[in-house]
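These are the residues of each chain, in order.
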Amino acid sequence: MTSTAFEQVRAIASDLFAIPAEEITTDSSPETIKTWDSIQHLSLVLALEEKFQLQLSPDEIEQMTSVGAIARLLENKLPTAPK
Amino acid sequence: MLDLRKEVDALISSGSVEAANLRLAELWRNESSAASAAFLTSRYEQIRDKLPLRPYRIVFLRSFTVEPAIPLLRASAFVNGIDLTVHIGDFNAYAQEVLDQDSSLYKFAPDAVVLTVRTADVAPDLWQTFADLSAEEAAQASRRVSNSFTQWIRAFRERSQAALIVHNLEQPARPACGIFDAQSESSQAGAIRQINDEIRRAAAEQRGVYVLDYDALVARQGRLRWKDERKWLTARMPIAADQLLSLSREWMRFLAPLTGRIAKALVVDLDNTLWGGIIGEDGMTGIKCDAEYPGAAYQALQRVMLDLSKRGILLAICSKNNLDDAMEALNNHPGMMLRPKHFAAMRINWSDKAQNLREIASELNIGIDSLAFVDDNPVEREQIRAALPEVMVIELPDDPLEYAATLRECPAFERLTLSAEDQQRTALYAEQRERAEAEQSFQSKEDFYRFLEQEAEIAPVLPATLARIAQLTQKTNQFNLTTRRYTEQQIADMAERPAWQVTSIRVRDRFGDHGLVGVAITHDEDGVCEIDTFLLSCRVIGRTVETALLSYLADGAAARGCRQLIGWFLPTKKNVPAKDFYAQHEFQLDQQTSNGSCWSFDLQRQTIPCPDWIKLNVLTGVHN
């Protein structure tokens, strides 16, 4: 089963922020998820790096303003769709 | 994995916490990641009150961001039955926290403290500007840092009884002087190594202070892969995302022995676990166990098991096999590093493995929760997890070449200290089993006793045996006539009094040395010798050693001019095996009270012969 970058980011965000995956949309962001603070943002970055086996630059981390933005970033960064 | 998460949530909302616990452990086995760790900790927080978890409080004193590694540690601790409460000290405040008696560190009342400081932070001169230093300056820097660690460790121990885990210092991936560093007498690597030696020495000076070999951990994982320079510069997080799990696992290897979540015995399957192939089908020449591929994987596993047995971990076998086939391989296969003598218990039969594991635990006299179980067959593993959730079932990878490493990294086998007895434990249990087997093969008890060739050595209290004698009075429950508990000081005081005799007995036989296994304490008054204490370790019960010791007491009392030998039997819940001891040796029942019965023996008319199959050596006049 393959899933889109959005679905994978949503699964990780659901684990980290302890909210059901169904409640997470592309617009979900630190403004709409109250457990998404700066320490959790670092945890999210590290979880994504661990999951996709890549390193995110400080510029890229700054662009991670919403779940949709993160999914787009990963789609561009990964040569093919993530497995 | 999403389905497993949904299943966990459904189980939690229906109140099935035990089942949820098993599923959470399964999730962690399948997927140990930052994301699953967050999921596990949030779900365990919902059910922690309903599970038998061991609460444990831990503080991290640090010079860098450790926060992202904490959920990984907490998840792994939860799965191992530990509920961790974590406090993290402020950045670079570790020295003040340790030195200040009123700091948040001590207010938190931790069970354990981890001190983790980067070489770059505590020794910037050695790390960053080493090339500028003269040999003397480098040595000075090394001493300065060593002294700081020694001071922190001592200060900590004065202020807290908590365990302290000190990370030692990592080496740079690329030394300042390049390849010359390895040629130089005053090298950068040498300066850091010297600090690490001193940290180890300072830790060894104190009780409960342990070194985590952080340098070895980083080297094992790869220095270049370990670090993330960008995260260090932007978030004070020096460790790469995919290495945090290794760090949390290393912490877990300390937490397991600190919290007592350890395995005392390792129970292994045989076919495709201890050797490659199936002995019942492939036969002696078909199974794989040698120095070549693929047999080397099994030899490597056996080598780990030998190493574990040196830590005092008992080895046992639980295998579905024909006993004769399996024993043929264990006894005679040329590639086997483990032989029957290495195993403290064996269940080789076609019965249910869960039942066999229960029997092994009871034979070894340890709890089922002290067993670790290794089996290549996932179905057997799953059955044990379901039937006996207390057993630590070790998840084996598919590739047998990875079996050895899996066992080496299992926290349940870690020990922080080792005693001489730990190192001999397997041998003691194996000897015991050989005795039990030998006993079966004799028609009469007497023939078995003669075959044993027992030798007993009787001695007064010696400085070297005082601790063991006191320990025996404190922990012997079964063959103990009066169950009086004495401290070392009390034993020493009794031995000083002229009318008192404190006697110990050591026993060895053809299978091995039992060590010091019995104690008798008597005192004489008006021609009557009273037995205050008479006890024997359960290892030697039923081998007539008790008669030999009693015979010695009677002869000694008669020689000192006593007319009578008397002794009380004070019943407890556990000392039934000693109940008929005096009656069996022709003592007369004198009185019966609510506390027990008093028995007497007429030394002027009777004697107690020492069994002729026990050779008795008496050591006297060797005080001090």
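Rules used throughout
Residues numbered from 1 in each chain as written. Chains lettered and ligands numbered in written order. Predicted model: local features only at pLDDT ≥ 70, side-chain atom pairs only at ≥ 80, totals over all residues. Axes fitted to C-alpha atoms, helices over the stretch in contact; angles between N-to-C directions. Helix = DSSP H or I, 4+ residues; strand = E, 2+ residues; numbered from the N terminus. Parallel < 35°, antiparallel > 145°, perpendicular 65-115°, else oblique. Left-handed = near helix turned anticlockwise from the far one by under 90°. Contact = placed C-beta atoms within 7 Å. Nonpolar A, V, L, I, M, F, W, Y, C, P; charged D, E, K, R; others polar. Buried ≥ 20, exposed ≤ 12 C-beta atoms within 10 Å, placed from the backbone. Pairing = 2+ DSSP bridges. Core = buried A, V, L, I, M, F, W, Y, C linked by C-beta atoms within 7 Å. Arc of directions from axis to C-beta.

### Some remarks on the packing of helix H1 (residues 5-17) of chain A against helix H2 (residues 38-52) of chain A
Residue and element names in this part refer to chain A.
Part 1 of the argument: With their axes 10 Å apart at the nearest point, H1 and H2 run at an angle of 140° to one another. Of the possible angle classes, the one that applies to H1 and H2 is oblique. Both H1 and H2 take part in a crossing whose hand is right-handed. Facing Ile12, Ala13, Leu16 and Phe17 of H1, the residues of H2 in contact are Gln40, Ser43, Leu44, Ala47, Leu48 and Lys51.
Part 2 of the argument: Residue classes in the contact of H1 with H2 are distributed as seven nonpolar, two polar and one charged.

### Quick notes on the pairing of strand S6 (residues 265-268) of chain B
Successive side chains on a regular strand alternate, one facing one side of the sheet and the next facing the other.
All names here are of chain B.
Part 1 of the argument: The alternating pattern of S6 places Ala265 and Val267 and Leu266 and Val268 on opposite faces, both of which are buried.
Part 2 of the argument: As paired elements, S6 and strand S7 (residues 314-320) share four bridges and run parallel to each other. Within S7, the position partnered with Ala265 by the bridge is Leu314.
Part 3 of the argument: Pairing analysis gives four bridges linking S6 to strand S9 (residues 371-374), with the strands arranged parallel. Paired with Ala265 across the two strands is Leu371, which belongs to S9.

### Things to note about the nonpolar core
Residues and elements named next belong to chain B.
Part 1 of the argument: Leu266, Val267, Ala316, Leu371 and Phe373 are the most contacted members of the largest nonpolar core, which has 145 residues in total.
Part 2 of the argument: Per-element tally for this core: the top contributor is helix H3 (residues 34-47), with eight residues.
Part 3 of the argument: Beyond its immediate chain neighbours, meaning those up to four positions away, Val267 contacts Ala316, Cys318, Leu357, Ile360, Leu371, Ala372 and Phe373.

### Topic: helix H17 (residues 323-332) of chain B
Residue and element names in this part refer to chain B.
Part 1 of the argument: Taken together, the buried positions of H17 are occupied by Asp325, Ala326, Ala329 and Leu330. Down the axis of H17, the buried set is contained in an arc of 125°. They therefore lie on one face. Turned more than 90 degrees away from the buried face of H17, the exposed residues are Asp324, Asn331 and Asn332.
Part 2 of the argument: Taken together, the buried residues of H17 touch helix H15 (279-286), S7 and strand S8 (345-349).

### Overview of the interface of chain B and chain A
The figure often quoted for interface size is the accessible area lost as the parts come together.
Part 1 of the argument: Taken together, the 18 residues of chain B in the interface contact 16 residues of chain A.
Part 2 of the argument: Of all the secondary-structure elements, those providing two or more residues to the side of chain B that touches chain A are H3 and helix H13 (229-235) of chain B.
Part 3 of the argument: Looking at which element gives the most residues to the side of chain B that touches chain A, the answer is H3 of chain B, with six residues.
Part 4 of the argument: Per-class residue counts for the side of chain B that touches chain A are 10 nonpolar, four polar and four charged.

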